[in-house]
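Descriptive analysis of the structure
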Amino acid sequence: MIKVIAFNEIRSALRNKTMVLLSIIFWLLIVVATFGGFKNYTLADQNREQAKAMFRKEWVEQKANPHSAAHFGTYLFKPFSLLSLFDTGLNNYTGTSYRVEAHHQAEMNYAAAQDSDTEMRFGELTIASLLQLFLPLLIIFLCFQSVSKERENHTLKLLYAQGLKPSSLLWGKIAGNYLLIGFITIPAFLIMLLAVGLKEPSLLARTLAFSICYLLYFLILISIFVYVSALSKSSKNALLTSLGLWVFFCVMLPKIVTGLANNWYSLPSRGAFNKAIETGTKEGINGDKDRMGRYKDYLSQTLAKYKVDSASQLPINFDGLNMQNGEDYLTKVYLNYAKEVEKKIEQQQFVQQVLAFIDPFLSIQQLSMAYAGTDYEHHINFHQHAQQYRDEFIRKLNFKMAYGDKNYLKYDYQVGPDFFKTMHDFEYQQPQLGWALQKHQYALYALLLWLAVTLSLVPIISKKIAIN
Amino acid sequence: MKLFNTIFHFEWIQLKRQKTQWISLFVFFIIGCYATYAGHRTIQKQNLVLTKLQQQYNQDHVLTLQKFTDTLTAETKAQAAQAGMAQIINFRMPPLALDHPHALATLSIGQRDVNPYYQKVKSSVNYLDQENVEISNPAQLFAGNFDLAFVLIYLLPLLIITLCYPTYAEEKEQGTYALLSIQASNLTTILNYKLLFRLTVVLGLVLLLNLVGFAVAGQQTVLSLSSAMLWLWLSLAYIAFWFAICYFFLQFKRSSIVTALQLIGAWLFFLILLPSLTNSYISLKHPIPLRASLASYQRHVSEEVWEMKPIVLADSFNRYNPQYNSSINLAKDSTKNGERFIAGYYDLSERKVARFAKHIDQQLVQKNQMAAQLAVINPSIQLQYLFNALAHTGRNDHQNFKQAVSRFQKEWKHHLLRYQLTGTYFTPAELKQLPKFKLENDTNNLSIWMGSLSLWIGTMLFLMLSLMINKKN
């Protein structure tokens, strides 16, 4: 009986011209989003690769004092995987480049949003936005009269008279509509898998997880909207309720949630942050001595180590060592305050993950970005790697100055390509899928819980279906 | 007039009886109030940041003055002797450039959460400096602000749709259409009056909500009457546009479900589909430059200029800054690391990099010009642009702030150079008369009025199409 109901549901949907038209529009939009996304991704990737090669060439070909080279520094660029074309996530709001420079701990720079106006806030056409926002509307259109129309046409009585159980009716309606959505979306997921498999096979697991989560999300939505149809007095009410739910969960709640999280865990201002780092390095943190005190201590330790009386007697350039000592302290201070900021952002993120238990849209949004590597966790992971690379980079230059030149406070010491080539280029590998899932485990649990709850509601809802 | 009164009376009774209508109106009002509160919190926080920065600057000012008189130890004595040195003043108390929020920023936060709204001005410029970009959670920026502008742009059309979609069909579905056809001379007039009643309800609600918004917005900064009136005018234009759309779809006289679906389709088109399509087109047409070439150029210029002969650099400086020619000292100016060498280094490298950066700025100008032009075809985006323009929270206002900062930076640099190049120091009294940043932020009311024309044109277009269909029927 479930099969018959499901088959009828599919047949009546295929007869509906509007439904067919909407499916065609959806596919056209998928094509446009893929084309646009791919072009943007290719161009951005080319630009990054060219810039990366240019900075590497400039770096290895220079002849300079190691400290001058540390000021000259370099730039690191955040790589994006092919999956970022499916879901651009936070890319427009996070920077793409990182400056490596002496005496300065940089942040990620140049978010596209800063170069754009308000239109960017309306969103971009991506496969994720189509699957998260547009497809639910298609589902609403499919489901809003799935049960209510049977009641309005008085066919519900006939079906019951033929021995159909109310729960079978719901299962049949859910199955039919899910198969329809499957027919529309699965080819898109298969093409994605094929494209990723051919270009970046290492991302196949992420793409598969991406597709599975969306298919689960659609099942949740179909169940919810079929229930709405079953419980509504009329198709009109079912449509309005479904649309109301869509607006509330997909448009309003994400903004409200992030706003609340921002209020609960307020971030410091950039001015206060910079001032804290400036004061921290100058006066010391956690009971440390001030800059001069730390300098004196370090000098006396170094003199004692080499058993000499003054810096000029040292067999090394103390200036290089002292600069590294300053860098180490700057890193300590920076991490001290940056960790506080990161902790607050993590708390904000946690609020979003927890609230995914009341809004499946938040759950799929986070999981989608996580699989595409365009979420906050991937961003901060890149930043941490870049910051560690920067520290090692500057350390190597300072030590080269300290141990490569004995002349204290002389800057005419120079090194050339032979040395600079030994400094390895920055290589960043995106974390594995397991890492991304672990970071968004609550969003995943929320999605699975939503699935379990919605499907287990069939017997309860089926008892509440009114015949008239 | 009698018919008008009858319909309004009937609609009022209908409205009183329908709990769901009241609930939707009430929920909308509450959401609007919450959005106003959320906007108020955001702007209040920004105001607090600006106040703290000002307090910090005042403290730095006091500490700098103390340095003049602190001669207790040999070290502080040496510092006291140097306390008025221009470079030290530049380091210890760089002046602040603050972009205070306009009162209406509470109602339309716009790009104020993305763009920096303050800057510590130094005598030199780093074209790649991003140190004043506010710390924020990118997920928050991505989700966007829940302000009154959002409620009006996104949710108000939905309220209008829920009120209007059954205007025609309910008569047909309740079986009263036939009765009306017999009794009333003109059915269109009846439908128009019914819509007019709903328009009145929406106007009243939006007016109330906006008045609440103005009361909250006016708490932090004075809100001018002209700005408030313009805000109301824009709200009215948008309401008219969405009523025109409803009117258009009602002409097809389809069932309430089909009409609702068509109207939701229109909402989806204007609020989600068209913006995302235009955004994708803009990003394809004008991709945002990476600035790698600028970074590379800046580093090379920095090295190249630093390696120049001091006298050549001094000559270049004197040519572009003849006002300092009285302080030329050939002996001093031919030494590396002398005052004129340093001044010349920054002067020349900044000029070179500024020329290069202009090219990138031009690309961004083109991108944003295209975005503004495309906004005209979409009343929803256009309204956001206009709200932002009124609240001084758009990109143009940020550019205006940046230009003002740039002008002030030059003023500050030359103020310091007057001391630096002559080897004179600031006195404590002179530190009280340092240049202050000023931001002229006049609202271009005319351009906002003109901008609202596109909304009215959209309204007229839909009304004309409606009349055409009506005649056809």
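Residues numbered from 1 in each chain as written. Chains lettered and ligands numbered in written order. Predicted model: local features only at pLDDT ≥ 70, side-chain atom pairs only at ≥ 80, totals over all residues.

Re the overall build of chain B
Secondary structure assignment for chain B yields 18 helices and two strands. Here the C-alpha radius of gyration of chain B, 30 Å, is well above what a compact globule of 473 residues would show, namely 23 Å. Projected onto its principal axes, the C-alpha positions of chain B cover 105 × 45 × 35 Å. For chain B, the proportion of contacts with a sequence separation of at least 24, taken over those separated by at least 6, is 84%. (Helix = DSSP H or I, 4+ residues; strand = E, 2+ residues; numbered from the N terminus. Rg over C-alpha atoms; globule rule 2.2 N^0.38 Å. Contact = placed C-beta atoms within 7 Å.)

Some remarks on the overall build of chain A
A tally of helices and strands in chain A yields 18 helices and three strands. Considered along the principal axes of its C-alpha atoms, chain A spans approximately 105 × 45 × 35 Å. With 468 residues in all, chain A has 45% of them scored as buried. Within chain A, contacts between residues at least 6 apart in sequence are counted, and of these 80% link residues at least 24 apart. (Buried ≥ 20, exposed ≤ 12 C-beta atoms within 10 Å, placed from the backbone.)

What about the confidence of the model for chain B?
Within chain B, residue pLDDT values average 90, and 97% of them lie at 70 or more. Looking across chain B, the model is least confident in helix H8 (residues 177-183) of chain B, with a mean pLDDT of 67, and most confident in helix H10 (residues 225-250) of chain B, with 96. (pLDDT = per-residue confidence, 0-100.)

Here we look at the interface of chain A and chain B
Buried accessible area, meaning the area lost when the parts come together, often serves as the stated size of an interface. In this assembly, 65 residues from chain A lie in contact with 63 residues from chain B. Of all the secondary-structure elements, those providing two or more residues to the side of chain A that touches chain B are helix H2 (17-61), helix H4 (127-143), helix H9 (235-264), helix H10 (270-283), helix H12 (318-355) and helix H14 (376-404) of chain A. Counting residues per element, the side of chain A that touches chain B draws most heavily on H9 of chain A, which supplies 14 residues.

A closer look at the sheet that holds strand E3 (residues 108-109) of chain A
Within a sheet, each strand pairs with its neighbour through backbone hydrogen bonds, oriented either parallel or antiparallel. Residue and element names in this part refer to chain A. Spatially, three strands are ordered E1-E2-E3 in an open sheet, and the strand pairing comes out antiparallel. What marks the edges here is a single partner per strand, and that holds for strand E1 (74-77) and E3. Sheet topology note: the strand E2 (residues 97-100)/E3 ladder contains two bridges and is antiparallel. Paired with Tyr98 across the strands is Met108, a residue of E3. (Pairing = 2+ DSSP bridges.)

What about helix H6 (residues 148-164) of chain B?
Residues and elements named next belong to chain B. For H6, built from 17 residues, the straight-helix expectation of 24 Å at 1.5 Å per residue is met to within 8% by its first-to-last C-alpha distance of 22 Å. Most pronounced at Leu155, the bend in H6 amounts to some 40 degrees, and the proline Pro157 follows within four residues. Burial runs high along H6: 16 of the 17 residues are buried. (Expected span 1.5 Å × (residues − 1). Bend = angle between axes of the 7 residues up to and from the residue.)

Structural notes on the pairing of E1 of chain A
Residues and elements named next belong to chain A. Residues Thr74 and Leu76 line one face of E1 and the alternating positions Tyr75 and Phe77 line the opposite face, and both faces are buried. Bridging between E1 and E2 involves four bridges; their strand directions are antiparallel. Within the sheet, the bridge partner assigned to Thr74 lies in E2 and is Val100.

Brief notes about unusual backbone geometry
Look at Lys307 of chain A: it is not a glycine, yet its phi comes out positive at around 55 degrees. Inspection of the secondary structure puts Lys307 of chain A in the loop between helix H11 (291-306) and H12. Since 7 C-beta atoms lie within 10 Å of it, Lys307 of chain A is described here as exposed. Positive phi, close to 50 degrees, is recorded for Lys253 of chain B, a residue that is not glycine. One can find Lys253 of chain B in the loop between H10 and helix H11 (256-285).

So, the packing of helix H2 (residues 19-69) of chain B against H6 of chain B
Residues and elements named next belong to chain B. Packing of H2 against H6 brings their axes to within 10 Å, and their N-to-C directions diverge by 175 degrees. The pairing of H2 with H6 is recorded here as roughly antiparallel in orientation. Only Leu148, Phe150, Val151, Leu155, Leu159 and Thr162 of H6 make contact with H2, whose side of the interface consists of Ser24, Phe28, Ile31, Gly32, Ala35, Thr36 and Gly39. Class assignment for the residues of the contact of H2 with H6 results in eight nonpolar, five polar and no charged. (Axes fitted to C-alpha atoms, helices over the stretch in contact; angles between N-to-C directions. Parallel < 35°, antiparallel > 145°, perpendicular 65-115°, else oblique. Nonpolar A, V, L, I, M, F, W, Y, C, P; charged D, E, K, R; others polar.)

With respect to the environment of Lys439 of chain A
Residue and element names in this part refer to chain A. Locating Lys439 in the fold gives a position in helix H16 (residues 433-439). Spatially, the C-alpha atoms of Lys439 and Val31 are 31 Å apart, while their sequence positions differ by 408 residues. Filtering out sequence-adjacent residues up to four positions away, Lys439 remains in contact with Ala370 and Glu377.

Details of the nonpolar core
Counting 179 residues, the largest nonpolar core has Ile139, Phe218, Ile222 and Phe225 of chain A together with Ile160, Phe243 and Cys246 of chain B as the members making the most contacts within it. By residue number, the principal contributor to this core is H10 of chain B, which donates 17 residues. Excluding residues that lie within four positions of it along the chain, Ile160 of chain B makes contacts with Val202, Ile239, Trp242, Phe243 and Cys246 of chain B. (Core = buried A, V, L, I, M, F, W, Y, C linked by C-beta atoms within 7 Å.)

Details of the environment of Ala314 of chain B
Inspection of the secondary structure assignment puts Ala314 of chain B in helix H13 (residues 310-320). With residues near it in sequence (within four places) discarded, Ala314 of chain B still touches Asp333, Arg340, Phe341 and Gly344 of chain B.

Examining the environment of Leu433 of chain A
All names here are of chain A. Among the structural elements, Leu433 can be located in helix H16. The spatial distance from the C-alpha of Leu433 to the C-alpha of Asn468 is 50 Å, given a sequence separation of 35 residues. Setting aside its immediate chain neighbours within four residues, Leu433 contacts Ala205, Arg206 and Ala209.

Details of H2 of chain A
Counted at 1.5 Å a residue, the expected span for H2 of chain A with its 45 residues is 66 Å, and the 65 Å between its end C-alpha atoms agrees. If you check which residues of H2 of chain A are buried, you get Leu22, Ile30, Ala33, Thr34, Gly36, Gly37, Asn40, Ala44, Ala51, Phe55 and Trp59 of chain A. Turning to H2 of chain A, the residues buried within the fold contact E1, H4, helix H7 (166-199) and helix H15 (417-420) of chain A together with H11 and helix H12 (292-306) of chain B.

Some words on the packing of H12 of chain B against helix H15 (residues 339-375) of chain B
Residues and elements named next belong to chain B. For the pair H12 and H15, the least separation of the axes is 10 Å and the interaxial angle reads 160 degrees. It follows from the interaxial angle that H12 and H15 lie roughly antiparallel. Remark: the crossing between H12 and H15 carries right-handed chirality. Across the interface between the two elements, Leu294, Tyr297, Gln298, Val301, Ser302, Val305 and Trp306 of H12 pack against Tyr345, Leu348, Ser349, Lys352, Val353, Phe356, Ala357 and Ile360 of H15. Tallied by class, residues from the contact of H12 with H15 come to eleven nonpolar, three polar and one charged. (Left-handed = near helix turned anticlockwise from the far one by under 90°.)

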